[in-house]
Amino acid sequence: MTTKNRHFLVPALATGLATLTPVAAPARAQDADRPAFSEVVDVQLVNVEVWVSDNRGRPVSGLSLEDFDVREDGRPVTVEFFSEVTDAVATRTATEPGDRTSDTVQPADAGAGPAEPAHLVLYFDDLHLGPASRKQVVEDLRAFLDEEKVPAERVLIFRQDRNLVTEAYFGSSREDLDLALERIAASPGMGGQSQQTKRLAVQNLNQLWKDSRELASMGSGRRTTEPAPCPMFIRRALPEVQSYARIGRDRIGATLDHLTTTVRFLAALPGVKTLLYFSDSLERTPGSDLQDFITGLCPAGDRFRSLSPVEELSTGFHELTRHANANRVTIYALQTNGLRPSFLSTAEQASVDFLGANPFNSSIREAERGGMAVLADETGGRAIFNRNQFDGELEQIANEMASYYSLAYRPPHGGDRGEHQIRVRVRGRNLQVRHRRGYRDKSSDQRMSEQLDGALYLGLVENPLGVRLGAGRVRAAGGDQRRLPLHVMVPAARVAFLPFEDKEMAQIRVEVASRHAQTSKVVRDEKTFQVEAPPDRDTRLLDLVFSIDIPDGLNMVAVGVRDDATHATAFVSTTLAVGEGDR
């Protein structure tokens with residue numbers, strides 16, 4: 001994975017000297033003779049954003065909590081927080097340390113109120129996006145951003161081919177976004193190669209069919225209920241379909257991996273995240289349309305289907321959408337090739353030696369849209385097809401980002417790390433309801449790791465514990481490595497100290513990740529500190545010293561801190577530059 005390091009939301013930290021004073025004596029890492037704190041039952045609220053419309057697609061407002069029936073795994077749950085959000089896009093972004101916009105969630109008996117700020121992610125899948133398709137959508141996006149329905153600083157832009165590239169970070173200016181879109185518009189993409197691969201496969205299958213017919217006509221005149229060429233053709237066609245399906249699975253698998261990485265990064269961002277996925281196609285079962293091509297030629301070729309030359313990527317799609325749901329990422333899939341002509345041109349259809357060109361074109365359209373529909377349906381978004389322009393759709397998406405019903409409940413399973421289904425309906429009314437369909441419960445360690453990635457790669461900071469960073473003296477550590485004592489300083493007043501024997505103790509988990517700017521190599525480490533309460537806890541900073549080895553050059557460093565007694569967690573990030581002068 002590669003990223004372009006253009007924007008950081010925190011200032012650089014000077015190396016070679018401690019930047020903060022005064023501090024308490026360094027806390028010790030957990031010793032073997034110190035008992036671990038008991039496991040905390042960490043039950044997170046399940047947040048569900050719900051969009052309600054009538055049978056003509058118009059949004060429905062004014063509903064109350066009593067109108068909703070919410071179930072998890074088929075069982076009713078008690079909604080503890082409810083709000084009709086009316087303008088999430090206008091909600092300010094928290095910037096002060098410890099300021100958490102999630103605290104604005106309203107009790108279940110509250111009416112309309114503010115919400116966490118909405119954020120927009122533009123995601124261009126260059127593996128499945130051709131140059132002709134991107135031109136119009138980039139033009140429409142520029143016009144949409146000019147209307148300022150979503151503030152420029154809340155827009156994040158990714159471009160994905162074999163690598164995942166961050167083209168514009170949160171906090172970017174309007175000019176930054178224009179430059180990012182300009183680079184994307186100039187990218188040739190690889191979607192044309194994908195289409196050419198399929199076109200070549202169709203040509204090869206058609207030639208195999210003609211060859212099989214010719215060979216069969218030269219053979220014996222045995223009577224059979226199956227057209228004579230079919231057994232030979234199916235046997236020879238199978239490797240062609242398998243080869244195409246293998247290439248398709250590789251491309252689609254890379255896309256699903258990068259999308260999963262993206263939603264992992266977004267875990268650190270509070271509130272609703274709307275991801276617009278731009279692509280010409282995303283197949284769920286690569287090669288299924290070629291299979292339909294073959295059965296169009298040999299309708300009695302059931303043996304071909306029994307050989308299963310293609311397979312669904314259901315597991316990959318399932319993993320991605322459950323991950324997105326757990327991190328409150330709603331996906332809108334926009335097919336950018338719009339109302340294009342049929343895959344087979346008139347000349348190509350005439351050359352196809354069977355009466356099934358039109359059904360085959362339909363099979364291709366259905367296959368290309370299969371994965372895009374899954375992404376949208378499972379996460380509460382929408383799949384948008386048959387559009388040559390997206391200005392109206394983008395405006396509607398912005399309205400949906402701003403206005404929805406927000407419901408939250410405590411899961412009845414108490415944090416079992418399993419998968420759970422969600423169903424929401426409006427009682428007694430024939431209304432359309434959209435929402436995420438399920439989620440995967442995550443452990444506190446997994447949540448911390450994902451949020452640390454958001455801090456490391458996107459500079460997303462959440463600091464309710466008031467954590468500050470300081471650097472000690474850098475020393476050589478062998479090769480091009482430097483050992484840096486990193487001082488993680490936490491106000492003792494924000495930590496929970498629990499009685500232990502004749503003392504009061506706190507247990508604090510620190511996880512550090514660093515990424516080299518040029519090589520993108522990531523190093524992670526974690527340590528648990530047990531700290532005795534200082535007598536002047538109201539004013540004292542706890543100094544948790546964490547030594548890390550980093551290579552010469554510029555490094556991004558993210559630090560996650562968790563109070564194990566309360567599970568209060570903070571994430572901060574900075575940049576460190578080390579080199580010859582630090583020896």
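Reading the values: rules and limits
Residues numbered from 1 in each chain as written. Predicted model: local features only at pLDDT ≥ 70, side-chain atom pairs only at ≥ 80, totals over all residues. Heavy atoms only, no water. Pairing = 2+ DSSP bridges. Helix = DSSP H or I, 4+ residues; strand = E, 2+ residues; numbered from the N terminus. Contact = heavy atoms within 4.5 Å. Axes fitted to C-alpha atoms, helices over the stretch in contact; angles between N-to-C directions. Buried < 20%, exposed > 50% of the residue type's maximum accessible area, 1.4 Å probe, protein only. pLDDT = per-residue confidence, 0-100. Salt bridge = Lys/Arg side-chain N within 4 Å of Asp/Glu carboxyl O. Phe/Tyr/Trp six-rings, centres within 6.5 Å; stacked < 30°, edge-to-face > 60°.

1. Quick notes on the sheet that holds strand S10 (residues 329-335)
With mixed pairing, the 6 strands of this open sheet are ordered in space as S8-S7-S6-S9-S10-S11. Looking at strand neighbours, the two that pair on one side only are strand S8 (164-168) and strand S11 (383-384), the edges of this open sheet. As paired strands, S10 and S11 are joined by 2 bridges and run parallel to one another. The residue of S11 that forms the bridge with Leu-334 is Ile-384. Lying on the sheet, helix H1 (residues 131-146) is in contact with strand S6 (119-125), strand S7 (155-160) and strand S9 (273-279); it crosses S6 at an angle near 165°. Relative to the sheet, helix H2 (residues 174-186) contacts S6, S7 and S8, its axis offset from that of S7 by approximately 20°.

2. Let's talk about the pairing of strand S12 (residues 404-409)
Two faces belong to every sheet, and in a regular strand the side chains alternate between them. Within S12, 6 of the 6 residues are buried, which leaves the element mostly enclosed by the surrounding structure. What you see with S12 is no split at all: Tyr-404, Ser-406 and Ala-408 on one side and Tyr-405, Leu-407 and Tyr-409 on the other are buried throughout. Strand direction decides the pairing type here: strand S2 (residues 46-53) and S12, joined by 5 bridges, are antiparallel. Among the inter-strand pairings, Val-50 is bridged to a residue of S12, identified as Tyr-405. Here strand S5 (residues 79-85) runs beside S12; their pairing, made up of 6 bridges, is antiparallel. Across the sheet, residue Val-85 finds its bridge partner in S12, namely Tyr-404.

3. Some details on the sheet that holds S12
If you trace the 4 strands from one edge of the open sheet to the other, you get S5-S12-S2-S14, paired in antiparallel fashion. A strand with exactly one partner marks an edge of an open sheet, and here the two such strands are S5 and strand S14 (432-434). Here the average twist between neighbouring strands, direction ignored, is 25°. Sheet contacts for helix H10 (residues 391-402): S2, S5, S12 and S14; angle to S12, the most-contacted strand, approximately 40°.

4. Some thoughts on the confidence of the model for the protein chain
The predicted coordinates of low-pLDDT regions are not to be read in fine detail. Per-residue pLDDT for the protein chain has a mean of 82; in total, 80% of the residues score no lower than 70. Segment residues 94-106: pLDDT under 50, and 21 contacts once partners within four positions in sequence are set aside and those in other chains are kept. Considering only residues more than four positions removed or in separate chains, one finds that residues 109-114, a stretch of pLDDT under 50, has 13 contacts.

5. Here we look at the pattern of salt bridges
The final tally for this structure, using the stated rule, is 38 salt bridges. Here Asp-549 makes a salt bridge to Arg-483, at a shortest N to O gap of 2.7 Å. Taken together, the residues Asp-549 in strand S22 (residues 541-551) and Arg-483 in strand S18 (residues 481-491) connect sequence positions 66 residues apart. Arg-483 gets classed as partly exposed once you look at its relative accessible area, which sits at 42%. Within this structure, Arg-264, Lys-442, Glu-450, Asp-453, Arg-509, Glu-511, Arg-524 and Glu-526 form a network of salt bridges that share partners.

6. Some remarks on the packing of aromatic side chains
Going through the model one piece at a time under the given rule, you end up with 9 aromatic pairs. Judged by centre distance (6.0 Å) and plane angle (35°), the ring pair of Tyr-123 and Tyr-277 falls under tilted. Placement of Tyr-123 in strand S6 and of Tyr-277 in strand S9 is noted, with a sequence separation of 154 residues between them. Side by side, Tyr-123 and Tyr-277 carry an identical accessibility label, which is buried. Each ring, one from Phe-124 and one from Phe-278, has its centre 4.9 Å from the other, and the planes form 25°; the classification is stacked. Highlighted residues: Phe-124 in strand S6 and Phe-278 in strand S9, separated in sequence by 154 residues. Phe-124 gets classed as buried once you look at its relative accessible area, which sits at 0%. Site record: aromatic cluster; members linked through ring pairs are Phe-68, Phe-82 and Tyr-405.

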